[in-house]
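If you want the building blocks of each chain, they are given just below.
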Amino acid sequence: MRIISGKYKGRRIMPPKNLPVRPTTDMSKEALFNILNNHFNFAELKILELFAGTGSISYEFASRGSAPIVCVDADMGCINFIKKTAKEFEFDITALKSDVFKFLEKHTGNYDIIFADPPYGMEQKEFEKIVELIFENELLDEEGMLVVEHSKYTKLENMANFSFQKSYGGSVFSFFEFETDEE
């Protein structure tokens, strides 16, 4: 795994092999950040990464100057790895061990970009619940964007606030934004 752009471009990060993760591929990550780059100036964006795994997406944001960043994952091994890596690179990343659904129900923060990469095997209704909780609990800034990574078998395009989606191999990124009244 490597950081593809920003201050730490090209730096390799080697997560332990025993983590229960499916990291976003470098190709998909690069495509995702090309899209986000057209919408945002990354400096000082507040980021929330859900189902953070190795923290790969958060390191990309941090390398581009985003801060603060919050990572949430249920696996303590993942959280410890993110904390260790954040310290090593001096990234402003807070890693929290929590069930993502419980976190979303109770958390009161507000973020410019929220990235969620749930296990592809989760049920459709659980993917939908993530989107619903984020918008119901106003965790996304009015000008912000939610990105959900999922398999091609999960369909999110009929949900409220859906904006667009892009496919890369077996992965799909669905983008959600607050609907604006453009005339």
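Here, the structure is the one placed above.
In this text, all values refer to a predicted model and were calculated from it rather than measured experimentally.

**Remarks on the sheet that holds strand S6 (residues 162–168)**
Spatially, S3-S2-S1-S4-S5-S7-S6 is the arrangement adopted by the seven strands of the open sheet, whose pairing is mixed. Bordering the open sheet on either side are strand S3 (93–97) and S6, each of which pairs with just one other strand. Averaged over all neighbouring strand pairs, the angle between strand axes comes to 15 degrees, with direction disregarded. In terms of strand pairing, strand S4 (residues 111–116) meets strand S5 (residues 140–151) through five bridges, oriented parallel. Across the sheet, the residue bridging to Ile 114 is Leu 146, located in S5. Sitting on the sheet, helix H2 (residues 56–63) is in contact with strand S1 (47–50), strand S2 (69–73), S3 and S4, with an inclination near 175 degrees to S2. In the packing of helix H3 (residues 76–89) onto the sheet, the strands contacted are S2 and S3, and the crossing angle to S3 comes to about 165 degrees.

**Considering the nonpolar core**
If you look at the biggest cluster of nonpolar residues, it comprises 36 residues, and the most contacted ones within it are Leu 32, Leu 36, Phe 61, Phe 91 and Ile 93. Breaking this core down by element, the ones donating at least two residues are helix H1 (26–37), H2, S2, H3, S3, S4, S5 and strand S7 (171–176). Element by element, the count of residues in this core is highest for H3, at six residues. Not counting the four nearest positions on each side in its chain, Phe 61 is found in contact with Phe 33, Leu 36, Phe 42, Ile 47, Ser 66, Ile 69 and Ile 113. Ranked by size, the runner-up nonpolar core spans 26 residues in total, among them Ala 116, Ile 130, Leu 140 and Val 148.

Thresholds, definitions, all that
Residues numbered from 1 in each chain as written. Predicted model: local features only at pLDDT ≥ 70, side-chain atom pairs only at ≥ 80, totals over all residues. Heavy atoms only, no water. Pairing = 2+ DSSP bridges. Helix = DSSP H or I, 4+ residues; strand = E, 2+ residues; numbered from the N terminus. Axes fitted to C-alpha atoms, helices over the stretch in contact; angles between N-to-C directions. Contact = heavy atoms within 4.5 Å. Core = buried A, V, L, I, M, F, W, Y, C linked by side-chain atoms within 4.5 Å. Buried < 20%, exposed > 50% of the residue type's maximum accessible area, 1.4 Å probe, protein only.

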